[in-house]
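A look at the structure
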Amino acid sequence: MLDRLRTSRADVLPDLMAGVTSALSYIPQGMAYALVAGVSPIYGLYTGVFAPVIGGLLAGSSFIVITVTNELAMPTGGILAAFGPESAAQALFTLTFLIGLIQLAFGLLKFGKVTRFISHCVTTGFIAGVGVLLILGQLQKLTGYKGQLSGNIFVRTWNWLLHLNQLDWHTTLVGLFTLGIIVVLQNTRLKAVALVVALLVATLGVFLLHWNSVELVGALSRIPRGLPSPVVPDFRMIAQLLIPALSLAVLGLSVAAGVSQNYPEPDGAMPDASSDFVAQGAANLMGGFFQGMPAGGSISRTATSISAGAKSRWANIFAGMVLGIVLLLFAGFAELVPMAGLAALLISIGIGVLSPDRIARVWNTHAAERLAMVTTFVLTLVIPLHWAIFAGVGLTLFVYIYSSSTKVRLVQIVRSGEGDFQEVAAPAQLPSHSVVALHAYGNAFFAAVYTLEAALPAPENTDNSVVIFGLRGRESITSSAVAMLERYVRRLHARGNRLMLFGVEPPVRRALERTGLIKALGEEHVFAASATIGGSFQEAWVAAHEIVSRKTQDA
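Everything numeric in this text was worked out from a predicted model, so none of it was measured. (Residues numbered from 1 in each chain as written. Predicted model: local features only at pLDDT ≥ 70, side-chain atom pairs only at ≥ 80, totals over all residues. Heavy atoms only, no water.)

Right, let's get into the packing of helix H3 (residues 41-58) against helix H13 (residues 273-289). Running from amino to carboxyl end, H3 crosses H13 at an angle of 150°, the nearest separation of the two axes being 9 Å. Taken together, the axes of H3 and H13 lie roughly antiparallel to each other. Crossing of H3 over H13 shows right-handed handedness. Within the contact between the two elements, H3 uses Phe-50, Ala-51, Ile-54, Gly-55 and Leu-58 and H13 uses Ser-275, Ala-279, Ala-282, Ala-283, Met-286 and Gly-287. Residue classes in the contact of H3 with H13 are distributed as eight nonpolar, three polar and no charged. (Axes fitted to C-alpha atoms, helices over the stretch in contact; angles between N-to-C directions. Helix = DSSP H or I, 4+ residues; strand = E, 2+ residues; numbered from the N terminus. Parallel < 35°, antiparallel > 145°, perpendicular 65-115°, else oblique. Left-handed = near helix turned anticlockwise from the far one by under 90°. Contact = heavy atoms within 4.5 Å. Nonpolar A, V, L, I, M, F, W, Y, C, P; charged D, E, K, R; others polar.)

For side chains bearing opposite charge, pairing can occur when the charged atoms are close. In total, this model carries seven salt bridges according to the counting rule given. Linked by salt bridges that have partners in common, Arg-509, Glu-513 and Glu-523 make up one network. (Salt bridge = Lys/Arg side-chain N within 4 Å of Asp/Glu carboxyl O.)

Quick look at helix H6 (residues 120-137) now. A rise of 1.5 Å per residue sets the reference length of H6, with its 18 residues, at 26 Å; its end C-alpha atoms lie 25 Å apart and thus fit the reference within 8%. Burial of H6 is extensive: 14 of the 18 residues sit out of reach of the surface. (Expected span 1.5 Å × (residues − 1). Buried < 20%, exposed > 50% of the residue type's maximum accessible area, 1.4 Å probe, protein only.)

Before going further, it helps to spend a moment on the packing of helix H9 (residues 169-185) against helix H16 (residues 339-353). Contact geometry of H9 with H16 gives a least axis separation of 8 Å together with a crossing angle of 40°. On the basis of the axis angle, H9 is oblique to H16. Along this stretch, H9 crosses H16, giving a crossing that reads as right-handed. Residue-level inspection shows Thr-171, Val-174, Gly-175, Thr-178, Leu-179 and Ile-182 of H9 in contact with H16, the latter providing Ala-340, Gly-341, Ala-344, Leu-345, Ile-347 and Ser-348. Looking at the contact of H9 with H16, its residues break down into seven nonpolar, five polar and no charged.

Glancing now at a nonpolar patch on the surface. Among the surface-exposed residues, Leu-227, Ile-325, Leu-328, Leu-329, Phe-330, Phe-333 and Leu-336 lie close enough to one another that they form a single nonpolar patch of about 700 Å² accessible area. As for its position among the elements, Phe-333 is in the loop between helix H15 (314-330) and H16. (Patch = residues over 30% accessible without salt bridge, like charges linked within 9 Å, V, L, I, M, F, W, Y side chains within 5 Å. Areas by Shrake-Rupley, 256 points an atom, 1.4 Å probe, with all protein chains shown as cover.)

Right, let's get into the environment of Ala-483. Here Ala-483 lies in helix H21 (residues 479-493). Separated by 378 residues in the primary sequence, Ala-483 and Ala-105 have C-alpha atoms spaced 39 Å apart.

Moving on, we come to unusual backbone geometry. Of note in this structure, His-210 is not a glycine but carries a positive phi near 55°. Relative to the elements of secondary structure, His-210 occurs in the loop between helix H10 (194-209) and helix H11 (217-220). Backbone geometry at Asn-464 places phi at a positive 55°, although glycine is not the residue there. Among the structural elements, Asn-464 can be located in the loop between helix H20 (447-455) and strand E6 (466-470). The buried category is assigned to Asn-464, whose relative accessible area is 9%.

What follows covers the sheet that holds strand E7 (residues 498-504). Spatial strand order, E4-E3-E5-E6-E7-E8: six strands in an open sheet with mixed pairing. The outermost strands of the open sheet, each flanked by one partner alone, are strand E4 (421-425) and strand E8 (526-528). Neighbour to neighbour, the strand axes of the sheet diverge by 25° on average, direction disregarded. Where H21 meets the sheet, it contacts E6 and E7, and its direction lies at approximately 140° from that of E7. Packing against the sheet, helix H22 (residues 506-515) makes contact with E7 and E8, and its axis sits at approximately 145° to E7. (Pairing = 2+ DSSP bridges.)

This part covers the pairing of E7. Among the seven residues that make up E7, six are buried, leaving the element largely enclosed by the rest of the structure. Bridge count between E6 and E7: five bridges; the pairing is parallel. When the sheet's bridge partners are listed, Phe-469 is paired in E7 with Leu-501. For the segment spanning E6, H21 and E7, crossover handedness is right-handed. Relative to E8, E7 is paired through two bridges, and the arrangement is parallel. When the bridges of E8 are listed, Leu-501 appears paired with Val-526. (Right-handed = clockwise from strand over helix to strand, strands pointing away.)

Structure (structure tokens):
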């Protein structure tokens with residue numbers, strides 16, 4: 001770890017300035033995400049103190065900023081909704097602790113590849129759905145509507161539309177003005193601090209105009225000065241929170257993996273995903289004991305830090321330290337921030353995550369990816385978010401298995417007039433007195449076996465032919481594939497034809513021996529893979545032609 005922390009003197013000042021910028025711009029986001037999760041804004045601020053520091057010390061990526069994220073705050077709010085107001089904070093700390101425990105275990109066990117189970121199309125659909133929910137969920141706070149607050153998000157939004165005459169216009173003006181400042185500043189050099197500037201202007205405006213109808217953060221929760229005191233997670237809640245914690249742990253790791261892949265190390269190397277797992281796990285374990293929220297790799301905060309001039313992981317460490325100093329000295333000022341301003345901030349974030357380019361990229365790739373993205377998007381809107389993640393993963397696996405079962409291409413290898421070998425479409429009927437060399441491209445497992453079997457040349461009306469089938473590059477073979485080959489061997493033998501296998505790797509040969517398939521084929525008809533490209537095929541090709549030629553002469 002000490003090697004990771006070494007940096008040049010020239011990088012200290014840029015890292016410090018990037019840390020200050022990151023800390024100040026995080027303050028409104030941390031408070032806003034805590035409100036999304038339905039808890040006190042102070043918990044979002046506390047998380048911004050220790051999570052980036054732990055990430056800076058332990059993460060495999062030098063630049064990834066571990067903190068509260070939109071992707072985790074939204075489902076956290078849905079999970080905590082099942083607990084009463086008196087238990088929500090304790091449930092939050094316990095959930096954060098469990099997420100940390102799971103992520104730390106994944107990291108220590110080197111499960112860096114687990115993020116592959118959440119595909120890009122699923123995360124795109126999920127993030128888009130979260131963006132829509134985020135926007136709709138802030139309309140009442142943006143406009144000061146005090147009407148119906150129960151029911152799902154769509155019921156509340158419809159009720160809001162029916163009662164636009166009951167909006168508080170001072171609150172609405174503050175919210176729209178804040179949103180306008182954010183939009184304008186995000187297209188200027190002040191982009192990194194746009195959120196801070198917008199909230200400062202909104203806060204100052206409400207104070208000077210004495211608009212008392214505008215709700216402030218202080219009316220919702222007191223923001224005490226100082227750092228968090230330790231708490232103990234409620235272990236009685238573990239059974240109720242374990243499955244949600246697992247889903248958020250995997251989601252957080254998947255999003256963070258995407259962040260790390262977009263920001264390689266200064267030397268160009270890709271970060272170690274398992275180390276990032278450990279860092280996130282440690283940050284969330286700390287959060288469970290020091291009043292933190294679930295934290296993960298933040299796309300927006302990482303981009304902000306790098307654009308502000310971060311040169312090393314010290315930028316993240318400085319960011320946490322600066323925020324800690326702010327909480328010690330100026331935390332009370334956060335109570336003066338108008339809720340409508342935070343709502344505007346969240347709406348701007350929601351609009352930002354509805355990335356047309358990202359959605360179009362998935363849409364233009366493959367029908368199966370479109371289906372997975374759209375389905376995950378719809379599920380995100382209608383079912384609890386942590387279950388939407390599991391549903392998206394399940395859908396991805398289903399689509400993968402189904403598409404793999406149909407993406408099998410069988411080709412015939414033939415010799416051209418110039419003496420080289422070419423690939424052509426496999427014949428539907430096996431010709432008599434011939435050698436037919438076949439090779440299959442694609443997945444030869446489970447349902448794909450039946451697609452492959454249907455493509456094999458029919459041998460029922462064929463005499464004196466040999467089929468040579470390639471297995472080169474396959475390190476294993478399933479029982480379904482063995483059973484398919486056994487059936488084809490019986491069909492070939494029924495008319496005196498033969499099957500040969502070439503390119504057989506040692507693990508596959510052992511499996512064929514244990515299942516008895518080699519005995520059925522004959523030892524002399526199985527050709528082991530060789531280091532020479534095409535060597536095993538050439539051996540099988542010559543042996544097959546000798547068999548056909550000898551039988552023809554005997555006839």
